[in-house]
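# Tertiary structure, described
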Amino acid sequence: MPDIKHFDPDAALATVERLFWERGLAATGIQDIVTATGLSRSSLYATFGGKRELYLAALRRYRVRRSLPMIDRLAEDGRGLAAVADYFARLIATRCSGEHARRGCMVVNAHAGTENGDPDVREILDLHHGQLREALYGALLDAREAGELAPGVDPAASADLLVLLAYGVNLRSRAGADAESLGVTVAATLATLGGRAGG
């Protein structure tokens, strides 16, 4: 039997991540993974487990390496509405241009796929949701402290709204929506909160 240590597991998982990110779980077969990685089924199974385990490992890798850095940057920004506006600008730029354009977000894609019925997948989705919501809520509290929020704006409810807006940006960009139209929607939403995001 081949020695499974003769390949880099993280490099293989990066390839698997890209495949699931582009196609989703249902449309990706184990033979697709074998072909993309150049590894045998026995090596894949011995290292990662089956297709479900591969997907979970790839989804966790995506969340840690791609989602969390953007969320952490938002959480640590401290500029209120400007931080929120910057987060959405970076999100739109990432989703609509460059090598990853029109892939959407792997975590958000999972919300719309059959994989969302898996309790382990749900745990990852809920963790991501909670972290993004908390970062947006913190930014809105900063905005309120700076006097940026319009009277009556509830930071908690608005954070929930902005999380849904982020999901929408991810899904619509995957379907081909352009950066300009997404930016107009985001700007209109932020204007209802206070309108000083760019100031």
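Everything below is about the structure shown above.
Let us look at the structure shown here. (Residues numbered from 1 in each chain as written. Predicted model: local features only at pLDDT ≥ 70, side-chain atom pairs only at ≥ 80, totals over all residues. Heavy atoms only, no water.)

## Observations concerning the side chain of Ser173
Structurally, Ser173 can be placed in helix 8 (residues 155–174). Among the residues examined, Ser173 registers a relative accessible area of 1% and is labelled buried. (Helix = DSSP H or I, 4+ residues; strand = E, 2+ residues; numbered from the N terminus. Buried < 20%, exposed > 50% of the residue type's maximum accessible area, 1.4 Å probe, protein only.)

## Section: the packing of aromatic side chains
Taken as a whole, this structure holds three aromatic pairs when the rule is applied. Summarising the aromatic geometry, the rings of Phe20 and Tyr55 are spaced 5.1 Å apart at their centres and angled 85° between planes, so their arrangement reads as edge-to-face. With a gap of 35 residues between them, Phe20 in helix 1 (residues 9–23) and Tyr55 in helix 4 (residues 51–77) connect regions that are remote in the sequence. For Phe20, a relative accessible area of 2% gives the class buried. (Phe/Tyr/Trp six-rings, centres within 6.5 Å; stacked < 30°, edge-to-face > 60°.)

## Digging into the nonpolar core
Soluble, globular proteins show a tendency: their nonpolar side chains are buried together. Counting residues in each nonpolar core, the largest one holds 58 residues, and the members touching the most others are Phe20, Phe88, Leu132 and Leu162. Secondary-structure elements contributing two or more residues to this core are helix 1, helix 2 (30–37), helix 4, helix 5 (81–96), helix 6 (106–111), helix 7 (119–145), helix 8 and helix 9 (179–193). Look past the residues within four positions of Phe88 in its chain and what remains in contact with it is Leu162, Leu165, Ala166, Val169 and Val186. (Core = buried A, V, L, I, M, F, W, Y, C linked by side-chain atoms within 4.5 Å. Contact = heavy atoms within 4.5 Å.)

## Focus on the packing of helix 4 against helix 5
Running from N to C, helix 4 and helix 5 point in directions that differ by 155°, and their axes come no closer than 8 Å. Taken together, the axis directions place helix 4 and helix 5 in an arrangement best described as roughly antiparallel. Remark: the crossing between helix 4 and helix 5 carries right-handed chirality. Each of Tyr62, Met70, Arg73, Leu74 and Asp77 in helix 4 lies in contact with helix 5, whose residues at this interface are Ala83, Val84, Asp86, Tyr87, Arg90, Leu91 and Arg95. (Axes fitted to C-alpha atoms, helices over the stretch in contact; angles between N-to-C directions. Parallel < 35°, antiparallel > 145°, perpendicular 65-115°, else oblique. Left-handed = near helix turned anticlockwise from the far one by under 90°.)

## Some words on the state of the cysteines
Counted according to the given criterion, the structure contains zero disulfides. Unpaired in terms of disulfides, Cys96 finds its nearest cysteine sulfur in Cys105, a separation of 13 Å. Accessibility expressed as a relative area gives 25% for Cys96, which makes it partly exposed. Residue classification places Cys105 among the buried residues on the basis of a relative accessible area of 2%. (Disulfide = S-S within 2.5 Å.)

## Description of helix 8
With 20 residues, helix 8 extends 28 Å from end C-alpha to end C-alpha; this agrees with the ideal 28 Å at 1.5 Å per step. Looking only at helix 8, the buried set comprises Pro155, Ser158, Ala159, Leu162, Val163, Leu165, Ala166, Tyr167, Val169, Asn170 and Ser173. Residues of helix 8 that are buried make contact with helix 5, helix 6, helix 7 and helix 9. Positive phi shows up at Gly176, right after helix 8, with a value of about 105°. (Expected span 1.5 Å × (residues − 1).)

Nothing here speaks to function; it is all geometry.
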